[in-house]
Amino acid sequence: VCIHRVRSCSGIRFIKSKYVCVFDKSALKYSHQQRLFRTSAVSCGQIVQFKLSDIGEGITEVTVKEWYIKEGDSVSQFDSICEVQSDKASVTITSRYDGIIRKLHYNLDEIAYVGKPLVDIEIDASKGVAPEEDVVETPPMSHEEHTHQEIKGHKTLATPAVRRLAMENNIKLSEVVGTGKDNRILKEDILNYLAKQTGAILPPSPKGEIIPPLPKPETVPTDPKDKARKIPVPVSRPIVFSGKDKTEPITGFHKAMVKTMSAALKIPHFGYCDEIDLTQLVQLREELKPLAQVRGVKLSFMPFFIKAASLGLLQYPILNASLDESCQNVTYKASHNIGVAMDTEQGLIVPNVKNVQVCSVFEIASELNRLQSLGSAGQLGTNDLTGGTFTLSNIGTIGGTYAKPVILPPEVAIGALGKIQVLPRFNGKGEVFKAQIMNVSWSADHRIIDGATMARFSNLWKSYLENPALMLLDLK
Amino acid sequence: MVLQSSLKNCLQLSCILRTPKAGFRNTTSGGLIIQSLSNDVYQNLAVEDWIHDHMNLENRQVLFLWRNSPAVVIGRHQNPWQECNLRLLRQKNIKLARRRSGGGTVYHDLGNINLTFFTTRKKYERMENLKLVVKALKALRPQLDVHVTNRYDILLDRHYKISGTAAKLGRTTAYHHCTLLCNADKFVLSSVLKSPYKGLKSNATPSMPASVKNLFEEDPSLTCEMLLDAIAEEYAIQHQIDHHITLINPADETVLPGINNKTKELQTWEWVYGKTPKFSVSTCFDMVHKDSVLDVKVDMDVKHGRIEVCNIDLPEQWLPPALCSELVKSLTGNKFCPNETTTLATTLLRVCPHDDELQSRWNLLCENLIMLM
């Protein structure tokens, strides 16, 4: 109740300055006794004002640039609270206390003053602060000993819980070797120190038995270690998985995928798969690769697949068409803008090669190189990504044999190419030979494409690739 | 004379870097001079982070010497759109990095040297460091007219800026780093540090443009190696240590455990662009389409690098309004990034009935939007 009153009072600042936290540096300067106002009914903690500490170089004001916490968050000692900036220096302010953030005194881009309150932190009553009586009876001397041990200019670092443990067992923090970050003293260090002294590992004393701190650090009181204590038997703990589910909004590429696929769902797909013997094509490519290299172009199999598809589309133009929204009209597209699905860091993109029907295999290869380098740099333009009429997806470069590709609207067909495998096959003479086999999986819009058309197109495409010389006959 | 890194030096360093408590029986007590073997700006910034987070600087200060291949480095609280020409950076393959210290934007290339002075928070003193640098320069070339200003810049001939400063203060440690122009490409520098983006309103720290000059222009016999050496020499004298430079590999996890994670973090979009303070874009542009000129007004609020609020004002019916509102809805929540916008825009086109005319108009609008990013 008292604390609520304090919060709502407008003249708050004057009242609050009397509440000096036991761990605050300024406690050293005040030699009078400290009183804490607390009620027994409400078990809320004590609100402490964490002031902005000295930045150095005589700087008195800084700008708050980023808050790492918000009101209501719980913080531990040394957690980052905010980032402030002053004259080309960026400073990370860390918390001195464990507790809950109750108030931020500044908004972003406001000027904060050194020595003035930065945040209000509510310190957990059951943890860091010893009960009233102890604090009131204690002369500041012993608090100094246990809270700020300045040894050769070194401040011994330890969390409030560790300090209490040391206090309860009458250990001088200066005598304990810290093994934590920045030589921080951890609970294990206190226990190890104790173990060395008594030859046994003692559990920390339960909360009810808090021993009042001594008036003089030198006098050793009745040693609680004299009482017989049992060494705790290690209990096997059940394996606890502390992973948490993570929910985040869908943005960027995924958002785009969701839209495309939702539209694609409206298309009734049918599939048709086949096997292509690429033995001759593999040989041909080996011969042509160095020649293309001389001209500065990397030649893969895709340019052949794309050109063969275009030759096939000349015979079956319905596969290069588009159905309108109401399914009333079919538009036969004149240009063969064949899209090539590309896997980038961000996700799937499908740039297309324009007008394949008038391009040579070399020109297609050159254009693919350009699209691939732009794609990996994330610099493809809208022109490259729109206007596609037919798509090939070379999933085989990653792996797989057969697939079930999804048509990209407003197109009506798509082909997925599996990986090239060396498999035994029979030749015309009934002999077994090594064949380079690739699988193709087509999907088409069953509203305007029928199975027979797809099969015939596939056979034609297959014949061009199995016997590349055939392409010569039909080249335009 | 940069000494070759011998195995002994590397072992010494790994001992020094790992043990938090001083094993200070060796000759390098009081100070340590290290130089990076890498020219990758992210790796080098990660080394700074690592030293800041892991090294105990109570009894020993560290000087870190590094150089980067072409990169633009913005300050912790700056806005990259406001500070540089991102399009040009992408075209020229120049990296963009955000450092953890404050201050303004700089251009790095191999003709620029970087110096980082690591101390405890208490011993943080920028003026002293800069005076050390000036002393070293004067010892190398007494006729150089160089001095430190009260803005922590170093000026040549009272007029040209040859060094800029920034600093980072943590709980127990602090570092002050500065650049030094020896022989950098001034032409590229001025072209990349000029922002073409209009209509930006932001509270991000602005940079102060300054006339720059290379030390090389003043004295063509100077090289980066000479400058690095002279500064190391002066540091060694002032800290009473051997003039001994230890080379480190910023990718070596055994010497710097956890360094590769730090390097990765510095390269993420969330750090480089996402840490930009909230800003707004409010601009209009003309689009020329088939003999007609169209007026387009765009308003966007960008927070954490993502579009929070988006408003596009087009002449009525030029594009189907449903499609436009779909575009605005899709852009909201997306990164303020040309690549993502292109993908989204081209995908949206797929899901609506369209013809060539619509497509060319749509592409024109999107190309113009992307120019803002």
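Every value quoted in this text rests on a predicted model; they were computed, and no experiment measured them.

*Asks:* Got a minute to help me understand the overall build of chain B in this structure?
*Replies:* Per the secondary structure count, chain B includes 13 helices and 16 strands. Principal axes of the C-alpha set define a box for chain B whose edges measure 80 × 45 × 35 Å. Relative to its 373 residues, chain B shows a buried fraction of 57%. Here the analysis covers contacts within chain B between residues at least 6 apart in sequence; of these, 74% occur between residues at least 24 apart. A total of about 15,600 Å² of accessible surface is found on chain B, and carbon and sulfur atoms cover 53% of it. Side chains of chain B give 44 positive and 39 negative charges; the mean places of these two sets differ by 7 Å.

*Asks:* Please clarify how the interface of chain A and chain B should be interpreted in this entry.
*Replies:* It is common to report an interface's size as the accessible area lost on association of the parts. The interface is formed by 50 residues belonging to chain A together with 57 residues belonging to chain B. Summed over both sides, the interface of chain A with chain B buries roughly 4,400 Å², with 45% coming from carbon and sulfur. A per-residue breakdown of the area chain A buries against chain B is headed by Glu-57, Lys-88 and Thr-382 of chain A, which together make up 18% of the total. Joining chain A to chain B, the criterion identifies 8 salt bridges. As a salt-bridge pair, Lys-88 of chain A and Asp-153 of chain B come within 3.2 Å of each other at their nearest N and O atoms. Where chain A touches chain B, the interface holds 24 residue pairs in polar contact (both at pLDDT 80 or more). Elements that contribute at least two residues to the side of chain A that touches chain B include exactly strand S2 (61-67), strand S4 (80-86), strand S5 (89-94), helix H7 (252-264) and helix H11 (382-385) of chain A. By residue number, the principal contributor to the side of chain A that touches chain B is H7 of chain A, which donates 7 residues. Of the residues contributing to the side of chain A that touches chain B, the split by class is 17 nonpolar, 19 polar and 14 charged.

*Asks:* Looking at this model, I keep getting lost on the sheet that holds strand S7 (residues 146-148) of chain B. Mind explaining?
*Replies:* Whether parallel or antiparallel, the strands of a sheet pair through hydrogen bonds between backbone atoms. Residue and element names in this part refer to chain B. Reading across from one edge, S7-S8-S9 is the order of the 3 strands in this open sheet, with antiparallel pairing throughout. The strands lining the two open edges of the sheet, one partner per strand, are S7 and strand S9 (160-163). Within this sheet the neighbouring strands show an average axis-to-axis angle of 35°, counted without direction. Sheet analysis places S7 next to strand S8 (residues 154-156), joined by 3 bridges and oriented antiparallel. Counterpart to Val-148 in the pairing with S8 is Ile-154. Of the strands in this sheet, S7, S8 and S9 are in contact with helix H5 (residues 126-140), which crosses S7 at around 175°.

*Asks:* Would you explain the UniProt feature "domain: BPL/LPL catalytic" (unreviewed entry) in chain B in this entry?
*Replies:* According to UniProt, the "domain: BPL/LPL catalytic" (unreviewed entry) feature falls on residues 57-243 of chain B. The span residues 57-243 of chain B carries 28% helix and 29% strand; its end-to-end C-alpha distance comes to 19 Å.

*Asks:* In this structure, what is going on with the packing of H5 of chain B against helix H8 (residues 224-239) of chain B? I would like to understand it.
*Replies:* The description of two helices packed together rests on the angle between their axes and the distance between the axes. Residues and elements named next belong to chain B. Their axes nearest at 9 Å, the elements H5 and H8 cross at an angle of 120°. Between H5 and H8, the angle falls in the class oblique. At the point where H5 passes H8, the crossing takes the right-handed sense. Two secondary-structure elements touch here, H5 through Leu-132, Val-133, Lys-135, Ala-136, Leu-137 and Leu-140 and H8 through Met-226, Leu-227, Ala-230, Ile-231, Glu-234, Tyr-235 and Gln-238. The residue makeup of the contact of H5 with H8, split by class, is 10 nonpolar, 1 polar and 2 charged.

*Asks:* Can you walk me through the side chain of His-243 of chain B in this structure?
*Replies:* Residues and elements named next belong to chain B. Note that His-243 resides in the loop between H8 and strand S13 (245-248). Note on His-243: relative accessible area 16%, which makes it buried. In this structure the side chain of His-243 is engaged in a polar contact, spanning 3.4 Å, whose partner is the side chain of Asp-229. A polar atom in the side chain of His-243 sits 3.1 Å from the side chain of Glu-233.

*Asks:* Can you help me understand the packing of aromatic side chains in this one?
*Replies:* Describing an aromatic ring pair means giving the distance of the ring centres and the angle of the ring planes. Residue and element names in this part refer to chain B. Taken as a whole and assessed by the stated rule, the structure comprises 15 aromatic pairs over all chains. Taking 5.4 Å as the distance between ring centres and 55° as the angle between the ring planes, the aromatic pair formed by Phe-118 and Tyr-175 counts as tilted. Of this pair, Phe-118 sits in strand S6 (residues 112-120) while Tyr-175 sits in strand S11 (residues 173-181), placing them 57 residues apart in sequence. A residue is classified by how much of its surface remains accessible, and Phe-118, at 1% relative accessible area, is buried. Relative to Tyr-273, the ring of Trp-269 has its centre 5.6 Å away and its plane inclined at 25°; by these criteria the two rings are stacked.

*Asks:* Teacher, can you tell me more about the UniProt feature "domain: Lipoyl-binding" (unreviewed entry) in chain A here?
*Replies:* Those residues carrying the UniProt feature "domain: Lipoyl-binding" (unreviewed entry) are residues 47-122 of chain A in this numbering. Taken end to end, residues 47-122 of chain A has its terminal C-alpha atoms 4 Å apart, with 0% of it in helix and 55% in strand.

*Asks:* In this structure, what is going on with the sheet that holds strand S5 (residues 106-108) of chain B? I would like to understand it.
*Replies:* Residues and elements named next belong to chain B. Strands sit in the order S4-S3-S5 across an open sheet of 3 strands; the sheet is mixed. Among the strands making up the open sheet, the edge pair consists of strand S4 (95-98) and S5. Across the sheet, the mean angle from the axis of one strand to that of its neighbour is 25°, orientation sign disregarded. The pairing of strand S3 (residues 71-74) with S5 spans 3 bridges and is classified as antiparallel. Bridge pairing links Val-73 to Val-106 in S5.

*Asks:* Sorry if this is basic, but what is going on with the domain arrangement of chain B here?
*Replies:* Residue and element names in this part refer to chain B. Examined at the domain level, chain B breaks down into domain 1 (3-272) and domain 2 (279-371). On a C-alpha basis, the centres of domain 1 and domain 2 stand 41 Å from each other. Each partner contributes to the interface: domain 1 provides 12 residues, whereas domain 2 provides 13 residues. A buried area of about 1,000 Å², summed over both sides, lies between domain 1 and domain 2, and 59% of it is on carbon and sulfur atoms. At the boundary of domain 1 and domain 2, one finds 3 residue pairs in polar contact (both at pLDDT 80 or more). When residues in the side of domain 1 that touches domain 2 are grouped by element, the largest group, 3 residues, is from strand S12 (residues 200-202). Classifying every residue of the side of domain 1 that touches domain 2 gives 4 nonpolar, 3 polar and 5 charged.

*Asks:* Help me out: how do you make sense of the domain arrangement of chain A in this one?
*Replies:* For chain A, the domain assignment lists domain 1 (46-123), domain 2 (161-195) and domain 3 (269-474). Centre-to-centre separation of domain 1 of chain A and domain 2 of chain A, based on C-alpha positions: 28 Å.

*Asks:* Explanation requested: the pairing of strand S21 (residues 432-445) of chain A in the structure shown.
*Replies:* Along any regular strand, the residues point their side chains to alternate faces of the sheet. Residues and elements named next belong to chain A. Across the 14 residues of S21, 10 count as buried, placing the element largely inside the fold. Pairing of strand S11 (residues 269-277) with S21 involves 9 bridges; the strand directions are antiparallel. If you follow Ile-276 over to S21, its bridge partner there is Met-438. Taken together, the 5 bridges between strand S19 (residues 413-417) and S21 define a ladder with antiparallel strand orientation. Opposite Ile-414, over in S21, you have Ser-443 as the bridge partner. The pairing of strand S20 (residues 421-426) with S21 spans 6 bridges and is antiparallel. Bridged to Phe-426 within S21 is Val-432.

*Asks:* What is the right way to look at helix H9 (residues 302-315) of chain A in this model?
*Replies:* For H9 of chain A, spanning 14 residues, the distance from its first C-alpha to its last is 20 Å, which sits close to the expected 20 Å at 1.5 Å a residue. Those residues of H9 of chain A lying buried are Met-302, Pro-303, Phe-304, Phe-305, Ile-306, Lys-307, Ala-308, Ala-309, Ser-310, Leu-311, Gly-312 and Leu-313 of chain A.

*Asks:* What should I look at first to understand unusual backbone geometry in this one?
*Replies:* If a residue is not glycine, its phi is most likely negative; likewise, a peptide bond is most likely trans. Each neighbour pair has its own omega, and for Pro-409 of chain A with Pro-410 of chain A the value is 5°, a cis peptide bond. Locating Pro-410 of chain A in the fold gives a position in the loop between strand S18 (390-393) and S19. For Gln-317 of chain B, which is not glycine, the phi dihedral falls at a positive 65°. Among the structural elements, Gln-317 of chain B can be located in the loop between strand S16 (306-313) and helix H11 (321-331).

*Asks:* Would you mind going over the environment of Ile-51 of chain B with me for this structure?
*Replies:* All names here are of chain B. Relative to the helices and strands, Ile-51 resides in helix H2 (residues 41-54). A relative accessible area of 1% places Ile-51 in the buried class. The contact partners of Ile-51, leaving out residues within four places of it in the chain, are Ile-34, Val-62 and Phe-118.

What counts, and where the lines are drawn
Residues numbered from 1 in each chain as written. Chains lettered and ligands numbered in written order. Predicted model: local features only at pLDDT ≥ 70, side-chain atom pairs only at ≥ 80, totals over all residues. Heavy atoms only, no water. Helix = DSSP H or I, 4+ residues; strand = E, 2+ residues; numbered from the N terminus. Buried < 20%, exposed > 50% of the residue type's maximum accessible area, 1.4 Å probe, protein only. Contact = heavy atoms within 4.5 Å. Areas by Shrake-Rupley, 256 points an atom, 1.4 Å probe, with all protein chains shown as cover. Lys, Arg positive; Asp, Glu negative; His and termini not counted. Charge placed at Lys NZ, Arg CZ, Asp CG, Glu CD. Buried area = accessible area lost by both parts, 1.4 Å probe. Salt bridge = Lys/Arg side-chain N within 4 Å of Asp/Glu carboxyl O. Polar contact = N/O pair within 3.5 Å; in protein donor to acceptor, adjacent residues only side chain to side chain. Nonpolar A, V, L, I, M, F, W, Y, C, P; charged D, E, K, R; others polar. Pairing = 2+ DSSP bridges. Axes fitted to C-alpha atoms, helices over the stretch in contact; angles between N-to-C directions. UniProt positions renumbered as here; feature names shortened; annotations may be inferred. Parallel < 35°, antiparallel > 145°, perpendicular 65-115°, else oblique. Left-handed = near helix turned anticlockwise from the far one by under 90°. Phe/Tyr/Trp six-rings, centres within 6.5 Å; stacked < 30°, edge-to-face > 60°. Domains from an automatic or database assignment. Expected span 1.5 Å × (residues − 1).

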